[in-house]
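Each chain, written out:
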Amino acid sequence: MNILIVGATGTLGRQVARRALDEGYKVRCLVRSPKKAAFLKEWGAELAPGNLCQPQSLQSALEGVDAVIDAATAKATDNLSMKQVDWDGKVALIQAAKAAGVKRFIFFSILDAEKYSNVPLMEIKRCTELFLSEAGMNYTILRLSGFMQGLIGQYGIPILENQAIWVTGESSPIAYMDTQDIAKFAVRALSVPATEKQTFPIVGSRAWSAEEIISLCERLTGKQAKITRMPLNLLRIMRSVSRFFQWGWNVADRLAFAEVLATGVPLTAPMDEVYQTFELDPQETTTLESYFQDYFGRMLKKLKELDYEKTKVKKKSVAKTPSKKSS
Ligand SMILES: NC(=O)c1ccc[n+]([C@@H]2O[C@H](COP(=O)([O-])OP(=O)(O)OC[C@H]3O[C@@H](n4cnc5c(N)ncnc54)[C@H](OP(=O)(O)O)[C@@H]3O)[C@@H](O)[C@H]2O)c1
């Protein structure tokens, strides 16, 4: 089966590419910058230069493709807006895939998108789900919560560097999942007919609040976190200020999303039946404890080594410095 992965340079997309290659699929990746995507070529994927916002580039990328896995999304720092990439771009991709005779289309949505029509990305995801389900292809929609990988910058690095950890007033507990595990579901969907024309939540085994994550990090590092609370009103002001400037549109949309996470409503879903349908073992899914244990284990070992090297260099330079007597 020939697969086209869109967004394969991203956090989730690269794991999907890795998994698909490991499972023996022939993988082509639609990439905006072949230079940035060189690692995918090294892994054995074919690169197809293209852009979701340039529909003519999609046609050639889709030639001979049986299945599409779409893991693309607008970057906060990009010139392209969320609407251009996540709506216009996705509509163009779905239409082009249908026209090219693609049989399977896997799309990543967000859990509970239908509950937040006031949040641009949530509304775009809901509309894309609908558009895809009516496009006449065998689709699978995977509704995600948060990525464990995102927690490194938010909690892991600040605690190691004695920096402030920012949390909003009341933060929703989230059932985070490792992107490597999400990738397993996405690739498995291609070979399980029971996942065709279906929508599934794909989330971690339990929801974690910001406070619980902080105490886990404290326990694993032996450090005390510096917590800074961001009032929700400040978030709202930042959102309206950044919306005022065109460059801030994506930022404003992201801040709107942060507001969802500050509602206090848990972002989680039951997964027992999902594991059964995908014939995957929940025991093999990474827990947040083991994810952070592995991360801090590696980082603390590296820091110790750096410390050791520094002391060695210091000792050497002291030994080399001639004393006043001998000079
Ligand atoms: N992050 C989360 O916690 C989370 C939670 C729920 C759902 N999701 C969903 O999961 C999926 C993957 O998210 P992610 O966080 O892994 O994304 P990411 O790391 O931000 O990566 C985005 C990818 O999309 C590509 N892209 C952006 N604009 C493009 C365009 N115009 N044409 C072609 N490619 C384009 C980027 O390519 P370049 O390298 O060229 O920039 C990159 O490969 C998305 O559908 C997202 O909505 C994410």
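Up top you'll find the structure we're talking about.
Residues numbered from 1 in each chain as written. Predicted model: local features only at pLDDT ≥ 70, side-chain atom pairs only at ≥ 80, totals over all residues. Heavy atoms only, no water.

A. Molecular detail of the pattern of salt bridges. This structure, assessed with the given rule, holds 15 salt bridges. Between Asp 78 and Arg 32 there is a salt bridge; the shortest N-O distance is 2.8 Å. One end of the pair, Asp 78, is in the loop between strand 4 (67–70) and helix 4 (82–99); the other, Arg 32, is in the loop between strand 2 (26–31) and helix 2 (38–43), and 46 residues separate them in sequence. Taking relative accessible area as the criterion, Asp 78 reaches 24% and is therefore assigned partly exposed. Among the residues examined, Arg 32 registers a relative accessible area of 48% and is labelled partly exposed. (Salt bridge = Lys/Arg side-chain N within 4 Å of Asp/Glu carboxyl O. Helix = DSSP H or I, 4+ residues; strand = E, 2+ residues; numbered from the N terminus. Buried < 20%, exposed > 50% of the residue type's maximum accessible area, 1.4 Å probe, protein only.)

B. Structural detail: the side chain of Arg 28. Tracing the backbone through its elements, the reader meets Arg 28 in strand 2. Judged by relative accessible area, which is 16%, Arg 28 ranks as buried. In terms of polar contacts, Arg 28 uses its side chain to reach the backbone carbonyl oxygen of Ala 61, at 2.6 Å. (Polar contact = N/O pair within 3.5 Å; in protein donor to acceptor, adjacent residues only side chain to side chain.)

C. Region of the structure containing the environment of Phe 147. Structurally, Phe 147 can be placed in the loop between strand 6 (138–144) and helix 6 (150–160). Look at Phe 147 and you get partly exposed, because its relative accessible area is 25%. In this structure, the C-alpha to C-alpha distance between Phe 147 and Arg 28, residues 119 residues apart in sequence, is 24 Å. With residues near it in sequence (within four places) discarded, Phe 147 still touches Thr 11, Leu 12, Tyr 176, Met 177, Thr 179 and Ile 182. (Contact = heavy atoms within 4.5 Å.)

D. Fine view of the site of the ligand. The full set close to the ligand counts 24 residues, and Thr 9, Arg 32, Lys 36, Asn 51 and Ser 145 are the nearest of them. For the ligand, an oxygen atom lies 2.5 Å from a polar atom in the side chain of Thr 9. Expressed as a share of its isolated accessible area of 910 Å², the protein-covered part of the ligand is 88%. Put simply, the parts of the chain that give the shell around the ligand at least two residues each are helix 1 (11–22) and strand 5 (104–110). The biggest single contributor to the shell around the ligand is strand 5, with 3 residues. Partitioning the shell around the ligand into residue classes produces 11 nonpolar, 9 polar and 4 charged. (Near = heavy atom within 4 Å. Areas by Shrake-Rupley, 256 points an atom, 1.4 Å probe, with all protein chains shown as cover. Nonpolar A, V, L, I, M, F, W, Y, C, P; charged D, E, K, R; others polar.)

Fair warning: the whole summary comes from geometry, so function is off the table for now.
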